[in-house]
Amino acid sequence: MELDRVKTAVQAGLNGLVPKIGKYKYALIVLLVGILLLYAGGGARDRPEQEQSVPDGTEQAAFDLAAFEDELESKLAQIAGVGRVELMLSLEQTGEAVYASNVRQSASGEQNGSYESTLSTVSDGSYGEQPVRLKQTCPTFRGAVVLCDGAGSHAVQLAVTQAVSAVCGLGADRISVIQMGQ
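What you see is a predicted model; the values in this text were computed from it and never measured.

Focus on the overall build of the chain
Within the chain one finds five helices and nine strands. Listed N to C, the secondary structure of the chain is α-α-α-α-β-β-β-β-β-β-β-β-α-β in terms of helices and strands. Counting only residues that meet the buried cut, the chain has 16% of its 182 residues in that class. A fraction of 65% describes how many contacts in the chain between residues 6 or more apart in sequence connect residues 24 or more apart. Per element, the accessible surface of the chain, about 13800 Å² overall, is 56% carbon and sulfur.

Comments concerning the nonpolar core
Of all hydrophobic cores here, the largest spans 18 residues; its most connected members are L76, V146, C148, V160, V164, C168 and V177. Mapped by element, the contributors of at least two residues to this core are α4 (65–77), β1 (85–93), β8 (140–148), α5 (154–168) and β9 (175–179). If we ignore the near neighbours within four places in the chain, the residues touching V164 are L76, A144, V146, G169 and I175.

As for a nonpolar patch on the surface
Among the surface-exposed residues, Y24, L28, L31, L32 and I35 lie close enough to one another that they form a single nonpolar patch of about 490 Å² accessible area. Residue position: L32 is located in helix α2 (residues 25–41).

Things to note about the sheet that holds β1
Judged by pairing direction, the sheet is mixed, and its three strands sit side by side in the order β1-β8-β9 without closing on themselves. Either end of the sheet is taken by a strand with one partner, and the two such strands are β1 and β9. Between one strand and the next, the sheet's axes are offset by a mean angle of 15 degrees, whatever the strand orientation. Here eight bridges tie β1 to β8, and the two strands are oriented antiparallel to one another. Bridge assignment links S90 to a residue of β8, and that residue is G143. With respect to the sheet, α4 is in contact with β1 and β8, its orientation differing from that of β1 by roughly 140 degrees. Along the sheet, α5 contacts β1, β8 and β9; its crossing angle with β9, the most-contacted strand, is approximately 145 degrees.

Quick notes on the pairing of β8
For β8 and β9, the ladder comprises five bridges, and the chain directions are parallel. By the bridge assignment, A144 is partnered in β9 with I175. Crossover β8 to β9 through α5 is right-handed.

As for the confidence of the model for the chain
Low-pLDDT stretches of the model should not have their predicted coordinates read in fine detail. The share of residues in the chain with pLDDT of 70 or more is 71%, and the mean pLDDT across the chain is 76. This stretch, residues 44–61, has a pLDDT under 50; its non-local contacts, to residues over four places away or in other chains, come to 19 contacts.

So, α5
When the terminal C-alpha atoms of α5 are compared, their 21 Å separation across 15 residues agrees well with the 21 Å that a helix rising 1.5 Å per residue should span. Along α5, the residues classified as buried are V156, V160, T161, V164 and C168. The arc that holds the buried residues of α5, viewed along the axis, is 130 degrees, so those residues lie on one side. Away from its buried face, by an angle of more than 90 degrees, α5 presents the exposed residues H154, A155, L158 and A166. In this structure, the buried side of α5 is in contact with α4, β1, β8 and β9. Of the residues flanking the start of α5, the one acting as N-cap is S153, its side-chain oxygen 3.3 Å from the backbone nitrogen of A155. Positive phi shows up at G169, right after α5, with a value of about 75 degrees.

What counts as what
- Residues numbered from 1 in each chain as written.
- Predicted model: local features only at pLDDT ≥ 70, side-chain atom pairs only at ≥ 80, totals over all residues.
- Heavy atoms only, no water.
- Helix = DSSP H or I, 4+ residues; strand = E, 2+ residues; numbered from the N terminus.
- Buried < 20%, exposed > 50% of the residue type's maximum accessible area, 1.4 Å probe, protein only.
- Contact = heavy atoms within 4.5 Å.
- Areas by Shrake-Rupley, 256 points an atom, 1.4 Å probe, with all protein chains shown as cover.
- Core = buried A, V, L, I, M, F, W, Y, C linked by side-chain atoms within 4.5 Å.
- Patch = residues over 30% accessible without salt bridge, like charges linked within 9 Å, V, L, I, M, F, W, Y side chains within 5 Å.
- Salt bridge = Lys/Arg side-chain N within 4 Å of Asp/Glu carboxyl O.
- Pairing = 2+ DSSP bridges.
- Axes fitted to C-alpha atoms, helices over the stretch in contact; angles between N-to-C directions.
- Right-handed = clockwise from strand over helix to strand, strands pointing away.
- pLDDT = per-residue confidence, 0-100.
- Expected span 1.5 Å × (residues − 1).
- Arc of directions from axis to C-beta.
- Polar contact = N/O pair within 3.5 Å; in protein donor to acceptor, adjacent residues only side chain to side chain.

Structure follows, in structure tokens:
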């Protein structure tokens with residue numbers, strides 16, 4: 001009996017609420033979308049800040065050649081017939097980051113003007129600032145030497161050369177695949 005009275009009260013409340021919702025349905029949709037966006041964007045504040053080395057107001061490009069070589073060695077070792085692998089890569093140039101800056105000229109005279117340059121920054125959303133990066137270039141490789149057990153086979157040499165070429169952007173003439181000694 002009590003349950004029937006509760007059901008009747010809920011139905012009466014919903015019946016009276018539905019016509020009012022129809023009148024404000026677009027406002028409610030906008031409100032719900034706004035709440036969802038606030039909820040989705042709020043996760044950035046909850047994440048711990050990442051440590052970044054920023055010497056003299058600039059961010060360093062993080063490329064670890066040794067880690068890159070180790071990962072490529074492990075991938076090359078999975079090629080059929082390669083066996084043990086040792087890899088050495090040489091860099092033409094390391095990666096580079098170019099940042100935006102604000103340049104201001106102070107006019108102390110008609111011909112004597114000094115320029116002041118400051119790094120442009122933007123808020124990162126967690127009460128900090130990050131420099132504005134205009135472009136980031138990847139490192140350029142000069143050449144590669146691959147020592148492996150299976151280098152006596154032309155098929156293995158070709159497979160290793162193609163793999164290193166694809167990953168490093170080197171031509172086949174800059175990759176040496178050599179038989180590993182005992």
